[in-house]
Amino acid sequence: MPELAEVETVARGLRPLAGRRIVAVRFGKTDFIDHPERIEALLPGSRLVEVRRHGKLLLLAFDREPAAAKAAPALPGARFWLVVHLGMTGQLVLHEAACPPARHTHVWFSLDDGRELRYTDIRRFGHLRLASPEELAVLVAPLGAEPLELSEAEFRRRLGSRRARVKALLLDQHVLRGLGNIYADESLWRARLHPMRCGSDLTAEELDRLWRAVRAVLREAIRHGGTSISDYVNALGRPGSYQKRLRVYGRAGRRCPRCHAAKIERIVVAGRGSHFCPRCQRAGRSAGSGSPRQVRVAAGKKLPRSLGPG
DNA sequence: AAGATTACCTGAAGGC
DNA sequence: TGCCTTCAGGTAATCT
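Before going into details, it helps to say that this report is about the structure given with it. (Residues numbered from 1 in each chain as written. Chains lettered and ligands numbered in written order. Predicted model: local features only at pLDDT ≥ 70, side-chain atom pairs only at ≥ 80, totals over all residues. Heavy atoms only, no water.)

### Observations regarding the protein's contact with DNA strand C
For step 1, the next point in the chain: By nearness alone, 13 residues border DNA strand C, and His-85, Arg-123, Phe-125, Tyr-249 and Arg-266 come closest of all.
For step 2, the next point in the chain: Take the atoms of DNA strand C that sit within 4 Å of the protein: sugar and phosphate atoms are 51% of them.
For step 3, the next point in the chain: The contact in question runs from a phosphate oxygen of DNA strand C to an N or O atom on the side chain of His-85, over 2.5 Å.
For step 4, the next point in the chain: A distance of 2.8 Å separates a phosphate oxygen of DNA strand C from a polar atom in the side chain of Tyr-249. (Near = heavy atom within 4 Å. Polar contact = N/O pair within 3.5 Å; in protein donor to acceptor, adjacent residues only side chain to side chain.)

This is the structure:
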């Protein structure tokens, strides 16, 4: 599942393509693409000039052919961006043009060196679109801070003021951009925090631990080329190796690699499978079984019998 | 209005 | 053996 570390790895793999020109674009299914006709009109003849990662977004900057200006007056400038979100099963992989395409390949970008950049996406949760610099600014404006760039004070400010569960906050792209389910669980384990803890209940010391944990986990995952569990591969079609180093994700029932005593449990938090060590990551008072709404009711009003203590 | 839940999509896995 | 159901999760839309 492409999260920050996977998208970063793909971006690094695509960077050597800077300077290449797109000569043709071909589509399969386009129901996950915004205005494919715009892509068809603008990309051929354009040159890739830059590859960036923004959270889980892959941003490819192109300088357009002057001749293409007439074809797409909606993008008046010379520079535009191909914005790619890999969703759950998206892959952007460089192939020789002669290589037979994988199933679920939906976009072919033919390059001027005879190779093809292909977008494959089994479940089509991914997203593709073209954006002017102005449109891109609007697109990324709601996104939160880059996890590897924000300060500890900023991290504390963003999470410590929120009543939502810390797991939900880590997954919320408006708080931090780029974390997904795997690295959220790994970070919480490393910081020894229960996923159901509420952001505003975390002490400054706990938030500091979490900030350090997120950075350490992401750096380690990037160093190992990301996590390949089901579908993820890099821009050359090769898997990462961080799945071998996961401490809790997908390891329910196995012994905690830190305390070697308790077994990893899996519960649902924020609608997502959440893996943690019940011994190393204690729930604390605010992280009981009820929803935050029920906790609030419990503090002020009489409880229904079924929710009461004991 | 913040936080929770659901729909989207396909393939793998488990049950009978 | 094969069909059926359930589950996985990133995000946007919808509900409370």
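### A word on empty space enclosed by the protein
For step 1, the next point in the chain: For the coordinates displayed, the defined rule picks out two cavities of 30 Å³ or more.
For step 2, the next point in the chain: Together, Leu-17, Ile-22, Leu-48, Leu-60, Phe-62, Leu-82, Phe-109, Leu-111 and Leu-117 line the largest cavity.
For step 3, the next point in the chain: Listed by contribution, the elements that provide at least two residues to the lining of the largest cavity are strand 3 (57-63) and strand 6 (105-111).
For step 4, the next point in the chain: Of the volumes computed, that of the second largest cavity is approximately 30 Å³.
For step 5, the next point in the chain: Along its surface, the second largest cavity is lined by Glu-186, Trp-189, Arg-190, Val-217, Glu-220, Tyr-242 and Arg-247.
For step 6, the next point in the chain: The element that contributes the greatest number of residues to the lining of the second largest cavity is helix 6 (residues 181-191), accounting for three residues. (1 Å grid on protein atoms, 1.4 Å probe; cavity = no way out; pocket = protein on both sides within 12 Å on 5 of 7 lines; lining within 4 Å. Points joined across faces, edges and corners; volume = space filled by probe spheres on them. Helix = DSSP H or I, 4+ residues; strand = E, 2+ residues; numbered from the N terminus.)

### Some details on the environment of Arg-38
For step 1, the next point in the chain: Counting through the fold element by element, Arg-38 comes out in helix 2 (residues 36-42).
For step 2, the next point in the chain: Accessibility expressed as a relative area gives 12% for Arg-38, which makes it buried.
For step 3, the next point in the chain: Considering only alpha carbons, one finds Arg-38 and His-224, 186 residues apart in sequence, at a separation of 37 Å. (Buried < 20%, exposed > 50% of the residue type's maximum accessible area, 1.4 Å probe, protein only.)

### Description of the side chain of Thr-120
For step 1, the next point in the chain: In this fold, Thr-120 is placed in strand 7 (residues 115-121).
For step 2, the next point in the chain: Overall, the relative accessible area of 8% leaves Thr-120 in the buried class.
For step 3, the next point in the chain: Beyond its immediate chain neighbours, meaning those up to four positions away, Thr-120 contacts Thr-89, Gly-90, Gln-91, Arg-103, His-104 and Thr-105. (Contact = heavy atoms within 4.5 Å.)

### Here we look at the packing of helix 1 (residues 4-14) against helix 7 (residues 204-223)
For step 1, the next point in the chain: Between helix 1 and helix 7, the shortest axis-to-axis distance is 9 Å and the interhelical angle comes to 40°. Relative to helix 7, helix 1 is oriented oblique. Between helix 1 and helix 7 lies a crossing of right-handed hand. Only Leu-218, Ala-221 and Ile-222 of helix 7 make contact with helix 1, whose side of the interface consists of Leu-4, Ala-5, Glu-8, Thr-9 and Arg-12.
For step 2, the next point in the chain: Classifying every residue of the contact of helix 1 with helix 7 by side-chain character gives five nonpolar, one polar and two charged. (Axes fitted to C-alpha atoms, helices over the stretch in contact; angles between N-to-C directions. Parallel < 35°, antiparallel > 145°, perpendicular 65-115°, else oblique. Left-handed = near helix turned anticlockwise from the far one by under 90°. Nonpolar A, V, L, I, M, F, W, Y, C, P; charged D, E, K, R; others polar.)

### Some remarks on the nonpolar core
For step 1, the next point in the chain: With 33 residues, the main nonpolar core has Leu-14, Ile-39, Leu-43, Leu-58, Leu-82, Val-107 and Phe-109 as its most contacted residues.
For step 2, the next point in the chain: Ranked by residue count, the leading element in this core is helix 1, at four residues.
For step 3, the next point in the chain: If sequence neighbours within four positions are ignored, Val-107 has contacts with Val-25, Arg-26, Phe-27, Phe-32, Ile-33, Leu-117, Arg-118, Tyr-119 and Leu-128.
For step 4, the next point in the chain: Counting residues in hydrophobic clusters, the runner-up holds 32 residues, among them Phe-155, Leu-176, Leu-193 and Leu-202. (Core = buried A, V, L, I, M, F, W, Y, C linked by side-chain atoms within 4.5 Å.)

### Here we look at the layout of surface pockets
For step 1, the next point in the chain: When its volume is computed, the second largest pocket comes out at roughly 330 Å³.
For step 2, the next point in the chain: Around the second largest pocket sit 15 residues that line it, and Lys-56, Met-88, Gly-180, Asn-181 and Arg-272 are the ones nearest its centre.
For step 3, the next point in the chain: The residue makeup of the lining of the second largest pocket includes at least three contributed by each of domain 1 (4-140) and domain 2 (152-300). (Domains from an automatic or database assignment.)

### Comments concerning the pattern of salt bridges
For step 1, the next point in the chain: Scanning the model with the defined rule gives 22 salt bridges in all.
For step 2, the next point in the chain: A salt bridge links Glu-50 to Arg-52; the shortest N-O distance between them is 2.5 Å.
For step 3, the next point in the chain: Taking the relative accessible area as the measure of exposure, Arg-52 reaches 40% and is therefore partly exposed.
For step 4, the next point in the chain: Three or more residues joined by partner-sharing salt bridges are found here, namely Glu-8, Arg-12, Arg-53, Glu-146 and Arg-177. (Salt bridge = Lys/Arg side-chain N within 4 Å of Asp/Glu carboxyl O.)

### Side note on the sheet that holds strand 3
For step 1, the next point in the chain: Pairing is antiparallel in the open sheet, where four strands are placed in the order 2-3-4-8. The open sheet has two edge strands, strand 2 (47-54) and strand 8 (127-131), and neither has a second partner. In this sheet, neighbouring strand axes are inclined to one another by 20° on average, regardless of whether the strands run parallel or antiparallel.
For step 2, the next point in the chain: Bridge analysis of strand 4 (residues 79-85) against strand 8 gives five bridges, and the strand direction is antiparallel. Pairing of Val-83 across the sheet is with Arg-129, part of strand 8. (Pairing = 2+ DSSP bridges.)

### Focus on the packing of aromatic side chains
Note on aromatic pairs: each is described by the distance of the centres and the angle between the planes.
For step 1, the next point in the chain: Tallied over the entire structure, the rule returns three aromatic pairs.
For step 2, the next point in the chain: Ring geometry for Tyr-183 versus Tyr-242: centroids 6.0 Å apart, planes at 50°, classification tilted. Here Tyr-242 lies in the loop between helix 7 and strand 9 (265-269) and Tyr-183 lies in helix 6, a separation of 59 residues in the sequence.
For step 3, the next point in the chain: Across from the ring centre of Trp-108, 4.3 Å away, lies the NZ or CZ of Arg-26, which sits over that ring.
For step 4, the next point in the chain: Sitting over the ring of Trp-189, Arg-258 keeps its end group 4.0 Å from the ring centre. (Phe/Tyr/Trp six-rings, centres within 6.5 Å; stacked < 30°, edge-to-face > 60°. Lys NZ or Arg CZ within 6 Å of the ring centre and 35° of its normal.)

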